[in-house]
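Coordinates in review
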Number of protein chains: 2
Amino acid sequence: MTSQLTYPDWIAVDWGTSNLRVWAMTSDGEVLARNGSEHGMSDLAPDEFEVTLLSHIAPWLGRDTTPVIACGMVGSRQGWAEAPYRAVPTTPLGQSHAAPCKDSRIAMHILPGLKQERSADVMRGEETQIAGYLADAPDFDGILCLPGTHTKWAHISAGEVVSFQTFMTGELFDLLGRDSVLRHSIGEGSALDQEAFAGAIADTISRPEAVATQLFKIRAVDLLHGADPAVSRARLSGVLMGLELAAARPYWLGQPVALIGTPALNTLYKKALMAQGVEPSVHDADATTLRGLTAAYNELTC
Amino acid sequence: MTSQLTYPDWIAVDWGTSNLRVWAMTSDGEVLARNGSEHGMSDLAPDEFEVTLLSHIAPWLGRDTTPVIACGMVGSRQGWAEAPYRAVPTTPLGQSHAAPCKDSRIAMHILPGLKQERSADVMRGEETQIAGYLADAPDFDGILCLPGTHTKWAHISAGEVVSFQTFMTGELFDLLGRDSVLRHSIGEGSALDQEAFAGAIADTISRPEAVATQLFKIRAVDLLHGADPAVSRARLSGVLMGLELAAARPYWLGQPVALIGTPALNTLYKKALMAQGVEPSVHDADATTLRGLTAAYNELTC
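As recorded by an unreviewed UniProt entry, chain A carries the name 2-keto-3-deoxygalactonate kinase and is attributed to Litoreibacter ascidiaceicola.

Here you go:
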């Protein structure tokens, strides 16, 4: 087999708690190849970081040193090398931290996360998505919502992250749906009854403390009357989403909102927000991450 | 070894999802012996129920048939024999259901749980504790709070359970403390910082929707400033307890409240309630369960 191999100018890496994703990139932001696995940081010992990364990118490496730009938990204290949090208000993209590598074919640059001292909060990885969004919309003034296991709401103004807040909604849904008594009613599918979802959101926004009673009620309704798992699942999702929207109201009320997430989560959050009279724009998290890593590469080579 | 063996007149059984407890009883309510294990209903297949019970009570059985009075999940649809829920408002103690036994040395009587159609809810086991409490305080008019994995608040009037509501506070605490990202901050101890506990309750009662932001903040404060696990654990416990108290306010506000729980949970709930100006009386759950089963035995033999 003969093939004209084009070595990438740099390699983009998004390395979180539970996933590793890598892209072979040209200097002008074109994707030559991609790879990924579930070798997240939480599964690996420190001496496995470099060998794990190399196993994903080895075919892309030539004789020269290739710059690698990485974001996510790879830069945490327990990660490859700590890239200390930068305090908001600040631009989303900070100077990358050089991390030690044994293999001279790569030069590792890790992007720092953001921290908020007043109303303590932290993010690692989402700041790169925010940078990616702002690379294409530098004048954006409003709210970015980044749905995920730990959803982030960020107030953006004049190119800076002014403040942000984290919600464990996704993790709560997973824990309650998989491990609590509610699992018997929710089953293992992913379908959501739309009417039950909207109703639970509305109920919880109007009376947030009721979340404490609504949870067991999902099980009780099923025990007494039988309930479609898609309805029970939608109630759980809606109750938790309603609680998040009630607490995040100072963010979204009367503001332009942009969603940056997976297609499934974007759809869910868009439905919930539109019921509150907010029409968010919708953006793909993968593309935005890559745009942010590209912006970081461009700063590195300036 | 010679010993004068007194066979019990009846056997009391509390058989829940995760525990089995049995008592050898005299007809006037004296405890001759007790036994127990973690052979809860959820671990057993239907053909294991009788043999499991017998393995706990065999030394107490003579030639005659001994009545066994049981409460808890043993009476659920997936239990030994279904004792269908009785609808509130009603007295806590319903007629027991005879369950089939292969061994003629026992006659099995299972107590039914309670259900609430309006604002769907169910209980199994707590109704027997309520009956036990009312056996000693037949004129009680007020609120019973039964803390546990699924805490129940019940409005009692004229000897009946008028309404009740279930809160998953205990299960949420266990899931979040053991399996979520918060586990890194909470550790495996059980100590609670009292000031942090009271502060988190007060914050959450005054602004219940903030529970959605307070959870991740427990982790963020620890990451940014370091936090004693006893403080982080107290914050989690206080946030969840505050949410429950906010939603249960129609129950406890201006009402006499009696707590029926383990010593540890009674102490926790009493502290939380006293900070709201409510001074509950405190009662041991085990003793109350046994009192309720005794009341059921007395009705059976009338």
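1. Observations regarding the relation of the copies chain B and chain A
Both copies of the chain are related through a single rotation about an axis accompanied by a shift along the same axis. Its rotation angle being 180°, the transformation that places chain B on chain A also includes 0.0 Å of axial translation and leaves an RMSD of 0.0 Å. With respect to symmetry, the two chain copies, as superposed, fit the operation of a two-fold axis. Both copies present the same face, since 100% of the interface residues in chain B are matched by interface residues at the equivalent positions in chain A.

2. Here's the deal with the pattern of salt bridges
Under the counting rule described, the total for this entry stands at 18 salt bridges over all chains. In this structure, the salt-bridge partner of glutamate 117 of chain B is lysine 115 of chain B, at a minimum N-O distance of 3.3 Å. On the basis of relative accessible area, glutamate 117 of chain B is assigned to the partly exposed category, the value being 40%. Among the ionic contacts, a cluster of salt bridges with common partners joins Asp14, Arg21 and Asp286 of chain A.

3. As for the domain arrangement of chain A
Residues and elements named next belong to chain A. Split by domain assignment, chain A resolves into domain 1 (10–139 + 285–301) and domain 2 (167–283). Between domain 1 and domain 2, the C-alpha centre-to-centre distance is 31 Å. Summing both sides of the interface, domain 1 and domain 2 together bury roughly 400 Å²; the carbon and sulfur share of this comes to 67%. The largest contributions to the domain 1 side of the interface with domain 2 come from Tyr133, Ala285 and Thr288, which together make up 82% of the buried area. At the junction of domain 1 with domain 2, the criterion picks out zero salt bridges. Our count for the domain 1 to domain 2 interface comes out at one residue pair in polar contact (both at pLDDT 80 or more). Those elements that place two or more of their residues in the side of domain 1 that touches domain 2 are α2 (126–136) and α10 (285–301). Among the residues forming the side of domain 1 that touches domain 2, the class breakdown is two nonpolar, two polar and no charged.

4. A closer look at helix α10 (residues 285–301) of chain B
Residue and element names in this part refer to chain B. For α10, which comprises 17 residues, the first-to-last C-alpha distance of 24 Å matches the rise-based estimate of 24 Å (1.5 Å per residue) to within 8%. Buried residues of α10: Ala285, Thr288, Thr289, Leu290, Gly292, Leu293, Thr294, Ala295, Ala296 and Tyr297, and no others. Measuring from the side-chain oxygen of the N-cap residue of α10 to the backbone nitrogen of aspartate 286 gives 3.2 Å; that N-cap residue is aspartate 284.

5. Thoughts on the sheet that holds strand β13 (residues 257–261) of chain B
Taken together, five strands build an open sheet; the order of strands is β12-β11-β10-β13-β14 (chain B) and the sheet is mixed. At either end of the open sheet lies a strand with only one pairing partner, and these are β12 (160–167) and β14 (281–284) of chain B. Along the sheet, successive strands turn relative to each other by an average axial angle of 20°, direction set aside. Direction of pairing for strand β10 (residues 142–146) of chain B relative to strand β11 (residues 151–157) of chain B: antiparallel, over a ladder of five bridges. Residue pairing for β11 of chain B: leucine 144 of chain B is matched across the bridge by alanine 154 of chain B. Along the sheet, helix α6 (residues 211–225) of chain A makes contact with β11 and β12 of chain B, crossing β12 of chain B at roughly 95°.

6. Quick look at the nonpolar core
Across soluble globular proteins, nonpolar side chains show a tendency to be buried alongside one another. Counting residues in each nonpolar core, the largest one holds 91 residues, and the members touching the most others are Trp153, Leu176 and Leu245 of chain A together with Trp153, Leu176 and Leu245 of chain B. Apart from the residues lying within four places of it in its own chain, the contact partners of leucine 245 of chain B are Trp153, Ile201, Ile205, Trp252, Ala272, Leu273 and Gln276 of chain B.

7. Topic: the interface of chain B and chain A
Facing 41 residues of chain B, the contacting portion of chain A comprises 41 residues. Across the chain B/chain A interface, buried area totals approximately 3400 Å², and carbon plus sulfur atoms make up 74% of it. Put simply, chain B and chain A have zero salt bridges between them. Across the contact surface, chain B and chain A share six residue pairs in polar contact (both at pLDDT 80 or more). Where the side of chain B that touches chain A is concerned, the elements lending two or more residues are β8 (114–116), β9 (121–123), β12, α3 (169–179), α6 (211–225) and α7 (229–247) of chain B. At 11 residues, the largest contribution of residues to the side of chain B that touches chain A is made by α6 of chain B. For the side of chain B that touches chain A, a count of residues per class yields 22 nonpolar, eight polar and 11 charged.

Criteria and thresholds
- Residues numbered from 1 in each chain as written.
- Chains lettered and ligands numbered in written order.
- Predicted model: local features only at pLDDT ≥ 70, side-chain atom pairs only at ≥ 80, totals over all residues.
- Heavy atoms only, no water.
- Least-squares fit on C-alpha atoms with pLDDT ≥ 70 in both.
- Contact = heavy atoms within 4.5 Å.
- Salt bridge = Lys/Arg side-chain N within 4 Å of Asp/Glu carboxyl O.
- Buried < 20%, exposed > 50% of the residue type's maximum accessible area, 1.4 Å probe, protein only.
- Domains from an automatic or database assignment.
- Buried area = accessible area lost by both parts, 1.4 Å probe.
- Polar contact = N/O pair within 3.5 Å; in protein donor to acceptor, adjacent residues only side chain to side chain.
- Helix = DSSP H or I, 4+ residues; strand = E, 2+ residues; numbered from the N terminus.
- Nonpolar A, V, L, I, M, F, W, Y, C, P; charged D, E, K, R; others polar.
- Expected span 1.5 Å × (residues − 1).
- Pairing = 2+ DSSP bridges.
- Axes fitted to C-alpha atoms, helices over the stretch in contact; angles between N-to-C directions.
- Core = buried A, V, L, I, M, F, W, Y, C linked by side-chain atoms within 4.5 Å.

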